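Residues per chain are reported as follows:
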Amino acid sequence: MAELANCSRCDAVFVKNIRDICQACYKEEEQAFDTVYKFLRERKNREATMLEIVEATKVEEILITKFIKEKRLRTTDFPKLAYPCESCGVNIVTGKLCYDCSAELRKDLDKHNEEQRKIQEKEANKNTHTYYMFDKNK
């Protein structure tokens, strides 16, 4: 059964299949991608930064970032093409978080896991019952 959804860009109702946007917005995105890709294909523009691409093509930075995250634009082909870390905003070329933010997240996760382990050990020690048996004959 087909599922109806609202387009995440224009809020129009459409039949959802593969994408989360309607057909009209999809066509606009494809035109924007073609514009950006044509700009970057030119030899002189291959080392353009995100701001230079936005200024030259008039395509939104969010859309260009989406193309990079979808791996339609590869940062290996365009060395200065970077997008902001989702946590702190520093420019990165892969993933969603920069090295520092991911290290901080790992550290917090390890700390949380250690606290959970200690709580479980404490619970296990609470639930152990010691039974004493007295010999009345002694």
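Further up the page is the structure itself.
Here the structure is a predicted model, which is why all the values come from computation and not from measurement.

**Looking at the layout of surface pockets**
- Its volume calculated, the largest pocket comes out at about 190 Å³.
- In terms of lining residues, the largest pocket is bounded by Ile68, Lys69, Lys71, Leu73, Arg74, Thr75, Thr76, Tyr83, Val93, Thr94, Gly95 and Lys96.
- Here the lining of the largest pocket is built from residues that sort into four nonpolar, four polar and four charged.

**Remarks on the packing of aromatic side chains**
- What the rule picks out here adds up to two aromatic pairs.
- Here the aromatic rings of phenylalanine 33 and tyrosine 37 are separated by 5.7 Å at their centres, their planes lie at 15°, and the arrangement is stacked. With phenylalanine 33 and tyrosine 37 both in helix α1 (residues 23-41), this residue pair falls four residues apart, about one helical turn.
- For tyrosine 37, a relative accessible area of 31% puts it in the partly exposed group.
- Measuring from centroid to centroid gives 5.2 Å for phenylalanine 33 and phenylalanine 67, while their planes differ by 80°, and the two rings are edge-to-face. Taken together, the residues phenylalanine 33 in helix α1 and phenylalanine 67 in helix α3 (residues 61-69) connect sequence positions 34 residues apart.
- One aromatic cluster is present, formed by Phe33, Tyr37 and Phe67 through successive ring pairs.
- The aromatic ring of tyrosine 26 is capped on one face by arginine 19, whose charged end is 3.7 Å from the ring centroid.
- Of note, arginine 72 hangs over the ring of phenylalanine 33, and the distance from its end group to the ring centre comes to 4.1 Å.

**Focus on the pattern of salt bridges**
- The tally for this structure, following the rule as stated, stands at eleven salt bridges.
- Two residues, arginine 117 and glutamate 114, come together in a salt bridge whose shortest N-O distance is 2.3 Å. Of this pair, arginine 117 and glutamate 114 both sit in helix α4 (residues 99-126), three residues apart, which is roughly one turn of the helix.
- Residues joined by salt bridges that share partners form a network here, namely Arg9, Glu28, Glu29 and Lys66.

**Comments concerning α1**
- Helix length check: α1 (19 residues) gives 26 Å between terminal C-alpha atoms against 27 Å at 1.5 Å per residue, within 8%.
- All buried positions along α1 are accounted for by Cys25, Glu29, Ala32, Phe33, Val36, Phe39 and Leu40. Down the axis of α1, the buried set is contained in an arc of 125°. They therefore lie on one face. Structural note: α1 exposes Lys27, Gln31 and Lys38 on the side pointing more than 90 degrees away from its buried face.

Parameters at a glance
Residues numbered from 1 in each chain as written. Predicted model: local features only at pLDDT ≥ 70, side-chain atom pairs only at ≥ 80, totals over all residues. Heavy atoms only, no water. 1 Å grid on protein atoms, 1.4 Å probe; cavity = no way out; pocket = protein on both sides within 12 Å on 5 of 7 lines; lining within 4 Å. Points joined across faces, edges and corners; volume = space filled by probe spheres on them. Nonpolar A, V, L, I, M, F, W, Y, C, P; charged D, E, K, R; others polar. Phe/Tyr/Trp six-rings, centres within 6.5 Å; stacked < 30°, edge-to-face > 60°. Helix = DSSP H or I, 4+ residues; strand = E, 2+ residues; numbered from the N terminus. Buried < 20%, exposed > 50% of the residue type's maximum accessible area, 1.4 Å probe, protein only. Lys NZ or Arg CZ within 6 Å of the ring centre and 35° of its normal. Salt bridge = Lys/Arg side-chain N within 4 Å of Asp/Glu carboxyl O. Expected span 1.5 Å × (residues − 1). Arc of directions from axis to C-beta.

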